[in-house]
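If you want the building blocks of each chain, they are given just below.
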Amino acid sequence: MRKLNLYVVILTTPYFIQACNTPSSNTKESEVSFDLIKETEWVKNEVTKFSNDLKKGDSTALAAYYSSDAIAMPPNMESVMKKDIASMWGEAIRMGVRDIKLNVTEVSGNKDLLLEVGTYEMYGDNNMVLESGKYMSALKKESGVWKVFRDIWNTNAPPVSTK
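Structural notes, computed from the coordinates. For clarity, every value in this text was computed on a predicted model and none was experimentally measured.

For the rest of this paragraph, the subject is helix H3 (residues 36-55). With 20 residues, H3 ought to run about 28 Å at 1.5 Å a step, and its terminal C-alpha atoms sit 29 Å apart, in line with that. Turning to H3, its buried residues number three or more, namely Glu39, Thr40, Val43, Glu46, Val47, Phe50, Ser51, Asp53 and Leu54. With its buried residues spanning 160° around the axis, H3 presents them on a single face. Exposed residues on H3 whose side chains face more than 90 degrees from its buried face are Ile37 and Lys38. Backbone nitrogen of isoleucine 37 and a side-chain oxygen of the N-cap are separated by 3.1 Å at the start of H3; the cap is aspartate 35. In the segment just after H3, glycine 57 is the residue with positive phi, at about 75°.

Have a look at this one:
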């Protein structure tokens, strides 16, 4: 009986070793499930929706694109925490911002974090360009949906001379 058990162990050991070295199907699924091209298209669609919400003057809808712990870093201002992001966009709308054109130039990342890079133009009444510049937004998933986690932008305008 001992010889039989020894043979069973000797014969089955290679199969157990092979099974332990084979990646699980769950690992393969999680690696395959992230598709940067698909996520880039999603980002570009969301950018269009964001522009449309700004045209409507809906600062609450604009704030909904941000995560619960988001920080926006507009030019020449202190950082704005999530609780004040709707107010920040509301103030921009009251100051005359009527439209924004966002041009996504790059999206990189992985299943945990996306980095969106691009240029922007803000417009006032009569399609007058108020400001143009560049931006970078980091996105993370919150309840299964990508949300802006960090948002920074700055103008292309030269600094104002002090002389």
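On to the sheet that holds strand S3 (residues 99-109). Here six strands make up an open sheet; going across it, the order is S2-S1-S6-S5-S4-S3 and the pairing mixed. Every other strand in the sheet has two partners, leaving strand S2 (80-81) and S3 as the edge strands with one partner each. With four bridges connecting them, strand S1 (residues 66-73) and strand S6 (residues 145-155) associate as parallel partners. For isoleucine 71, the partnering residue across the bridge sits in S6 and is arginine 150. This element, H3, spans S1, S3, strand S4 (113-123), strand S5 (129-142) and S6 of the sheet and lies at about 160° to S3.

Further remarks concern unusual backbone geometry. Here asparagine 76, not a glycine, exhibits a phi torsion of approximately 60°, which is positive. When you line up the elements, asparagine 76 lands in the loop between S1 and S2. Its identity is not glycine, yet asparagine 126 carries a phi of approximately 55°, on the positive side. Mapped onto the fold, asparagine 126 is located in the loop between S4 and S5. For asparagine 126, a relative accessible area of 82% puts it in the exposed group.

Another aspect to go through is the nonpolar core. In terms of nonpolar packing, the biggest core is built from 28 residues, with Tyr66, Ile85, Trp89 and Trp153 touching the most fellow members. The set of elements that each furnish at least two residues to this core consists of H3, helix H4 (59-63), S1, helix H5 (85-94), S3, S4, S5 and S6. Once you skip the residues sitting within four places of it in the chain, tryptophan 89 turns out to touch Phe50, Leu54, Ser59, Leu62, Tyr66, Met122 and Trp153.

A separate point is the pattern of salt bridges. With the rule as written, the count across this model stands at eight salt bridges. The closest approach of N and O atoms between aspartate 53 and lysine 56, which form a salt bridge, is 3.7 Å. Aspartate 53 gets classed as buried once you look at its relative accessible area, which sits at 13%. Taking the relative accessible area as the measure of exposure, lysine 56 reaches 64% and is therefore exposed. Its salt-bridge partner being lysine 101, residue aspartate 99 comes within 3.0 Å of it at the nearest N-O pair.

Rules of the game
Residues numbered from 1 in each chain as written. Predicted model: local features only at pLDDT ≥ 70, side-chain atom pairs only at ≥ 80, totals over all residues. Heavy atoms only, no water. Helix = DSSP H or I, 4+ residues; strand = E, 2+ residues; numbered from the N terminus. Expected span 1.5 Å × (residues − 1). Buried < 20%, exposed > 50% of the residue type's maximum accessible area, 1.4 Å probe, protein only. Arc of directions from axis to C-beta. Polar contact = N/O pair within 3.5 Å; in protein donor to acceptor, adjacent residues only side chain to side chain. Pairing = 2+ DSSP bridges. Contact = heavy atoms within 4.5 Å. Axes fitted to C-alpha atoms, helices over the stretch in contact; angles between N-to-C directions. Core = buried A, V, L, I, M, F, W, Y, C linked by side-chain atoms within 4.5 Å. Salt bridge = Lys/Arg side-chain N within 4 Å of Asp/Glu carboxyl O.

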